[in-house]
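Close look at the chain arrangement
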Amino acid sequence: MGNTVTAMAGLGALPPGRARLTTEEVRRFRTDGFVAVERPVVDRSELARAGIRLHRVLAASLDDGSFHDLGDGRPGRPEIHEVPHVSRRDPGLPRTSVYRAMVTLARDVLGCERVRHHFDHAILKPPHTAAETGWHQDIWFDPGHDDPMATIWMSFVDVDDQSGCMRYLPGSQSLAIRHHVQSGRDGRRGADVDATGAVSCPLPAGGVSIHGARTLHGSGPNPSDSPRLAWIVKFVPEDRSPVRLVTRRTLERVGLRHPAA
């Protein structure tokens, strides 16, 4: 946490041009609170190499008991397997092309030259998992960071409604922070969420969805025969570009309630 990353900060060349957002995709993120990039933004070979690293971290967490279970699995057999701070556990992950692509996307969507790595985690839904990831807002877990934030959800497999793709409630970034309750052993979900109008975001392997800190989101079960792996990285602006200068007055003017209020 707290690492500043730029195009030239030891990360090598920028990824190919396909790891850039279009003007329309940026507009959708700012209007709806999320956007799905329904095309691979990295090569499958690079995705596979990063995936091997993530699977090693996930396996190690089972050995040392440092995993979270967002479902209700048996001891040592998480139903929804989460490992926080995966890039701390494998410092090679931020040097991958997959990470560089996510940096580029975060810069595009946040409209700034430099972004800071705020948090990351990996989530694995094993095959034939009945548990869902309940509707929630990331800001509830981290109320001290209501600055502009881009959460990049990178899928390592083709994912759709049958394997637990991400779901979003458009416009929910304008809502107040909801009360959250226990969900599974280690998870939380927003209480009394009306999911009418929810949008599912199927993705190819190497595709991403991007959402803000207040946007209500979740994902369904994975009844398929394949594991569903995602690497989720949160970025915030590092520079002083206008998008970062959000004050209590600015939030109130656009109808948002500051978390400290």
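My aim in this report is to walk through the structure given alongside it, one point at a time.

So, on to helix 4 (residues 97-110). Spanning 14 residues, helix 4 covers 20 Å between terminal C-alpha atoms, matching the ideal 20 Å at 1.5 Å per step. In the segment just after helix 4, Gly111 is the residue with positive phi, at about 70 degrees.

Turning our eyes to something else, we now look at unusual backbone geometry. The backbone of His85 sits at a positive phi, close to 55 degrees, despite the residue not being glycine. A positive phi angle is found at Asp192, which is not glycine, with a value near 55 degrees. Tracing the backbone shows Asp192 in the loop between strand 10 (187-190) and strand 11 (199-201). For Asp192, a relative accessible area of 72% puts it in the exposed group.

With that out of the way, let us pick up the sheet that holds strand 11. Each strand in a sheet pairs with another by means of backbone hydrogen bonds, the pair being arranged parallel or else antiparallel. Within the open sheet, the four strands sit side by side as 6-13-8-11. Their pairing is antiparallel. Edge positions in the sheet fall to strand 6 (133-136) and strand 11, since each of these pairs with one other strand and no more. Neighbour to neighbour, the strand axes of the sheet diverge by 25 degrees on average, direction disregarded. As defined by bridge partners, strand 8 (residues 166-168) adjoins strand 11 across three bridges and the pair is classed as antiparallel. Across the sheet, the residue bridging to Arg167 is Ser200, located in strand 11.

This next bit is on the side chain of Ser155. Inspection of the secondary structure assignment puts Ser155 in strand 7 (residues 150-155). Those residues within four positions of Ser155 in sequence are excluded, and the remaining contacts are Leu47, Leu203, Pro204, Ala205, Gly206, Gly207 and Leu229.

What counts and what doesn't
- Residues numbered from 1 in each chain as written.
- Predicted model: local features only at pLDDT ≥ 70, side-chain atom pairs only at ≥ 80, totals over all residues.
- Heavy atoms only, no water.
- Helix = DSSP H or I, 4+ residues; strand = E, 2+ residues; numbered from the N terminus.
- Expected span 1.5 Å × (residues − 1).
- Buried < 20%, exposed > 50% of the residue type's maximum accessible area, 1.4 Å probe, protein only.
- Pairing = 2+ DSSP bridges.
- Axes fitted to C-alpha atoms, helices over the stretch in contact; angles between N-to-C directions.
- Contact = heavy atoms within 4.5 Å.

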